[in-house]
Amino acid sequence: MSEPVIDVSDLTRRFGAKTALAAVNVSVPRGAVYGLVGANGAGKTTFIKHLLGLLRPDGGRVRVFGLDPVAEPVAVLSRIGYLSEENDLPGWMTVQELTRYSRALYPGWVDAYAEELRQMFALDPAARIKTLSKGQKARAGLLIALAYRPELLVLDEPSSGLDPIVRRDILGAVIRTIAHEGRTVLFSSHLLEEVEQVADHVAMISQGRVALCAPLDEILRSHGSLEKAFLACVGANAASEPPA
Amino acid sequence: MRSPAAAFAWEFGHRLRWGLIALGVYLAVLATVQFLVLGPRSALDPARTTTFAFMVLVPLSFAFMYLLAVFSYGLAGDLAARHSLYPARMFTLPVSTAALAGWPMLYGTTVMAAFWVAAALLGLWPSGVHAPLFWPALFGAAFLAWMQVLTWMPYGLPGMRVVAAVLWLTGIDAVVVAAIEYQVRESVMVALMAPQVPLAYLAARFAVARARRGDVPDWRGAFARLGRTAAAPRARGGFPSAARAQAWLEWRQHGRSLPVWTAIVLPFQLLLLFVARDEPAVLTFVTLAGMLLTPPFLAAFVALTVGRSSPEAAHSYGLTPFTATRPLGTAALVAAKLRMAMASTLAAWLLVAVALPLGLTLCGTWPVVLERARRLAGFVGAPRAVVFAVLCLLGLLATTWKQLVQGLLVGLTGREGLIKASVLLRLSSLILIGPAVHVLSRSQEARIALWNAAPWIPAVLVALKMGAAAWIGTRLSRGRLLGARALVTGAASWVVAVMALYGVFAWLLAAAPVAHSFLLLLAILAVPLARPSAVPLALAWNRHQGARAPSTRVRSGPRPLPRTALALVSMPVALALVLAVSFHVRNRNNGALVSSGEAREYLLHVPKSYDPSRPAPLVISMHGADLWPAAQMEISRWNTVADENGFIVVYPSGVGGRGPRVWRMDGEAPDVHFIADLIDRLEASYNIDPRRIYADGLSNGGGMAFVLSCTLSDRVAAVGLVASAQLLPWSWCTDRRPVPMIAFHGTGDRLAPYHGGTSPVVPRHPLPSIPDWTASWARRNGCGAKPDESAVAADVTRLEYTGCSNDAAVVLYTIHGGGHTWPGGGPAPEWLVGRMSNGVDATRRTWAFFGAHSLSR
């Protein structure tokens, strides 16, 4: 069996007195479409930041492509396509400037594929990022995350702010394409129907812990639907939380 | 909070709280210094421009610009952008446009006016600068109000805001400056300024209304008709490398800030230049100095924004995921920022390089500047003047870059508390410089303490710097942030820069009595090493947040700092140590005694031909101010003459550890006792002929020789004075015994003027005319009134008073055009002390004179 693309063992992270992640174990095999679900504030983004080297663990081990993302950020990040949940593309750039800048950073950049994506996403190359709608900004972010055909695509709440049609058509097509080419996708979401549509593995995070981690088929067999599984594993914990 | 007014007030207060606290602390410190420390009678004197500038003008300028930027929301975005800088998030509030424009303007103008009043009452009036209170407050308020209009207005073209700001604000400034020049009455000024704020309010309402409804004009299409298409993107090739791409991004994000701010400030300074053209030259030079200091001053202000990863994230001190997740190493990210800082520096200085000559040309003040340049060239020589000027300009350029990089170090940590503390510390140190300079100028004890510590201060700073650099280098190596090759290359580049700068210092100060180890330490301190090296650590701390865990240790274990890099950066330090030891060994004394309860030293030379059975003459040769026995030995070359003629020569040392080494002549005159004790010691140790003890000295040492002729006339047979500086009046000398005297003095001596007057080294003691002094001596010796004059060399005239009592002749050698030097002596820094003449050998002539005179028993 090939080495997992993402190998996280006993990952622990604290922010002051709050434990954001507690002994999280996740192993993402190559070629998988891995869904990370959880309520808002469960720790999904914190987990993803560890994969990108943006956070150092307080305990445990994080390996991506067998490498430590903190110690070797260039080697790891050059193989990851990342779409952030934050809207942080430089607003002053035009779409063309964004692609021109990104092209220089990724040796595997394919101009033809980038242009294909741009046309598919209907992005005006002269348009400034800050003038784009939220959906178009997400498409621009996807463009630069996909154009160099990364081995691992990490999407943090990719559907946040997108209308259902765009969500269904763009993300589903992209993820299926990447999965078919043997690349790996990890995406986080709290929209269960979306996860059920495209993922083949699911990890449910609740209050910083992995409540459930299994192939989607297995979850559907045991719980009937992802929502029921979520409510069973995560909802019970959420119900026991003190009101805000 | 129940009203928009309160909400606006709270928001401004909350955002400004640190700035207001800092401003409040500064004003409190200023008030304390002015009224309690200095007192009403000795407040900060505007004539002491440096102190006044650092204590009052610079902090007030900082505060003025800070208030301007904050109340106009100018820090919220790109000044060159087309859209309004008024925060768009506020357009959706249930507040009228009038209120959106009115409340920030009201609070801003009120704070600005109050700031002026406080500054005038606490900073200017106590210093005797009785600036009016009302119309400048109105002017400040109007300036801010129009700045708000200009930043809130949307524009049709990128960069138009900057142009409009420069033109409009320059216009206002021109009116005010003209009013000052023509001494317009305050009532007229008030009448001029008062309507400005209401007018600006109306314009601001229009601007905010326009921005609120998204009415941003777009005139780029008009320019497209000239052949440039704004809609279609211009075809551009790709970046050749990731590094170039990142450098481009950094320039676009931050690189324009410094040049833009410089472009805004320079026109006001050009106006000042215009006003100053008919004023005394000092005002022109103060304005020029201000222009030259503008980029480094503004760089300190801009520095912390350079560390941000996005200009739009106004309060974001961390890295955005977009930047942090680019496949670039931390070192590459930092390198891009450093390159951007250099490009930004060069762009700002390009503006100064264009504006300054243009301003001088338009104002017709070139002749003033050229005349001063000629005087400097005449003083130190044209090559030195040029190198000095180039060094100053390069130093200012480097300082500008350093300011930006220093801001990077703190800004890239991403820790808000650290960043704001750094700003507070910087402002505090700026405020403290003024009082520190003031205390030094008033307190002799403080000056002496500083003088004594001067050789050690750079040594301690270098030790700290090198220690920090070694620690940083180790962390960079262990964290694999920089490879061995990069570390070695960086270290080698630093060493080359240090040695080059040391070479320039050594050439500039050639033959000056300065330890070369000191120059090398200054060069080590001047070339940045530790702080730029620490920037990758700061960024890594920001990029990978959290405690270091065992899983993040590199597989091969921690790497030590490459030995090559360590050896390279140690080289200049080791060389400085060697130079210091060598200097100490070459210049150490070889004798000591206790006199008047003090430990005193001297350098003794006994010729090989000395025969204890035969009494030998003794020459006591005293060094000049701030020199030392070995230096006097090198300058006078008495040892050579002593070897040829078989006499002993001793070079006593002025007392050290109390500031510059000078001879103490008045009061208890402990140095007279020292010389007497020295003679006793030598008479006890050697066979000294008591009838043939002589004394001479250079500069301050010559003054001491005069004192010995008046206090030890029963022991000193004759004295010699070379470029002497007489600090005591002739009337002080009550001993009327005729003492033979030989003197040498150059007419071009700037430090002890031949015809008397003020010396730059002793500005409070006018020095006597040397011919008059010589004539007084001749009268004391009962010589004839008319001296014999003869030419000795092409540039040397000899004046001899004869017919004196006891044959105590008085001779003066005048070296025409000669400087503050020992004629025929060792090398001297002519750029500092003036021309050295070899037309006469002062030492040999003095010995010949001494040989002809002895004490009669």
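You'll find the structure just up there.
An account of the accompanying structure is given in this report. Just so it is clear, the structure is predicted and the values come from calculations on it, not from any experiment.

1. Side note on the overall build of chain A
- Scanning chain A for helices and strands turns up 9 helices and 9 strands.
- By the compact-globule yardstick of 18 Å for 244 residues, chain A fits well, its C-alpha radius of gyration being 18 Å.
- Projected onto its principal axes, the C-alpha coordinates of chain A cover approximately 50 × 40 × 40 Å.
- By residue count, 56% of the 244 residues in chain A fall in the buried class.
- When contacts within chain A are restricted to residue pairs at least 6 apart in sequence, long-range pairs at least 24 apart make up 68% of them.
- A total of about 9,900 Å² of accessible surface is found on chain A, and carbon and sulfur atoms cover 50% of it.

2. Re the state of the cysteines
All names here are of chain B.
- Applying the stated criterion to the full structure yields 2 disulfides over all chains.
- Across the disulfide, Cys710 is cross-linked to Cys733 (sulfur-sulfur distance 2.0 Å). Residues Cys710 and Cys733 share a disulfide whose torsion about the S-S bond is about -110 degrees; that sign makes it left-handed. Of this pair, Cys710 sits in helix α26 (residues 700–711) while Cys733 sits in the loop between β6 (718–722) and β7 (741–746); the two residues are 23 residues apart in sequence, bridging distant segments of the chain. Here Cys710 and Cys733 have matching classes, each one buried.
- Shown here is the disulfide that connects Cys783 with Cys804, its sulfur atoms set 1.9 Å apart. Between Cys783 and Cys804 the disulfide shows an S-S torsion of about 110 degrees. By sign, it is right-handed. Of this pair, Cys783 sits in the loop between α27 (770–780) and β10 (788–793) while Cys804 is found in the loop between β11 (796–801) and β12 (810–815), placing the two residues 21 residues apart along the sequence.
- Residue class for Cys783 comes out buried when judged on its relative accessible area of 14%.
- Given the relative accessible area of 11%, Cys804 is considered buried.
- In chain B, numbering the disulfide-bonded cysteines from first to last in sequence yields the connectivity 1-2, 3-4.

3. Some points on the interface of chain A and chain B
- Counting residues at the interface gives 44 residues for chain A and 39 residues for chain B.
- Summed over both partners, the interface of chain A with chain B comes to about 3,700 Å²; 58% of that surface belongs to carbon and sulfur atoms.
- Of all residues in chain A, Arg56, Trp92 and Arg100 of chain A bury the most surface against chain B, accounting for 22% of the area lost on that side.
- Joining chain A to chain B, the criterion identifies 1 salt bridge.
- A salt bridge links Arg252 of chain B to Glu97 of chain A; the shortest N-O distance between them is 3.1 Å.
- At the boundary of chain A with chain B, the tally comes to 6 residue pairs in polar contact (both at pLDDT 80 or more).
- When contributions to the side of chain A that touches chain B are tallied by element, the ones reaching two or more residues are β4 (59–64), α2 (73–77) and α3 (95–105) of chain A.
- Take the side of chain A that touches chain B: its biggest share by element is 8 residues, from α3 of chain A.

4. Some points on the side chain of Arg183 of chain A
Residue and element names in this part refer to chain A.
- Along the chain, Arg183 falls in the loop between α6 (164–180) and β7 (184–189).
- Among the polar contacts made by the side chain of Arg183, one reaches the main-chain carbonyl oxygen of Arg149 at a distance of 2.5 Å.
- Engagement of the side chain of Arg183 in a polar contact is seen with the backbone oxygen of Pro150, the distance being 3.4 Å.

5. Considering the sheet that holds β4 of chain A
Residue and element names in this part refer to chain A.
- Strand order in the open sheet formed by 3 strands is β2-β1-β4, with antiparallel pairing between adjacent strands. Of all strands in the sheet, those with a lone pairing partner are β2 (18–28) and β4, marking the two edges. Adjacent strand axes in the sheet meet at a mean angle of 25 degrees when their direction is disregarded.
- Two strands pair when backbone bridges link them, and strand β1 (residues 6–15) and β2 are joined in this way by 7 bridges, in the antiparallel orientation. Paired with Phe15 across the bridge in β2 is Lys18.
- Along the sheet, helix α1 (residues 44–51) makes contact with β1, β2 and β4, crossing β1 at roughly 120 degrees.

6. Here's the deal with the sheet that holds strand β2 (residues 598–605) of chain B
Residue and element names in this part refer to chain B.
- Spatially, β1-β2-β4-β3-β5-β6-β7-β12-β11-β10 is the arrangement adopted by the 10 strands of the open sheet, whose pairing is mixed. Lying at the two open borders of the sheet, with one neighbouring strand each, are β1 (591–595) and β10. Strand-to-strand twist of the sheet, defined as the mean angle between neighbouring strand axes without regard to direction, takes the value 20 degrees.
- Two strands pair when backbone bridges link them, and β6 and β7 are joined in this way by 4 bridges, in the parallel orientation.

7. Considering the pairing of strand β6 (residues 152–156) of chain A
Residue and element names in this part refer to chain A.
- Taking burial as the measure, the 5 residues of β6 include 5 buried ones, the bulk of the element.
- Here β6 shows two buried faces, one formed by Leu152, Val154 and Asp156 and the other by Leu153 and Leu155.
- With 4 bridges connecting them, strand β5 (residues 80–83) and β6 associate as parallel partners. Its bridge partner being in β6, Gly81 is matched across the sheet by Leu153.
- Across 5 bridges, β6 lies against β7 in parallel orientation. Directly across from Leu155, in β7, lies its bridge partner Phe187.

8. What about helix α13 (residues 330–363) of chain B?
- In a regular helix each residue adds 1.5 Å, so 34 residues correspond to 50 Å; α13 of chain B covers 49 Å between its end C-alpha atoms and thus fits that length.
- Gly364 of chain B sits one or two residues past α13 of chain B and shows a positive phi near 70 degrees.

Reading the values: the criteria
Residues numbered from 1 in each chain as written. Chains lettered and ligands numbered in written order. Predicted model: local features only at pLDDT ≥ 70, side-chain atom pairs only at ≥ 80, totals over all residues. Heavy atoms only, no water. Helix = DSSP H or I, 4+ residues; strand = E, 2+ residues; numbered from the N terminus. Rg over C-alpha atoms; globule rule 2.2 N^0.38 Å. Buried < 20%, exposed > 50% of the residue type's maximum accessible area, 1.4 Å probe, protein only. Contact = heavy atoms within 4.5 Å. Areas by Shrake-Rupley, 256 points an atom, 1.4 Å probe, with all protein chains shown as cover. Disulfide = S-S within 2.5 Å. Buried area = accessible area lost by both parts, 1.4 Å probe. Salt bridge = Lys/Arg side-chain N within 4 Å of Asp/Glu carboxyl O. Polar contact = N/O pair within 3.5 Å; in protein donor to acceptor, adjacent residues only side chain to side chain. Pairing = 2+ DSSP bridges. Axes fitted to C-alpha atoms, helices over the stretch in contact; angles between N-to-C directions. Expected span 1.5 Å × (residues − 1).

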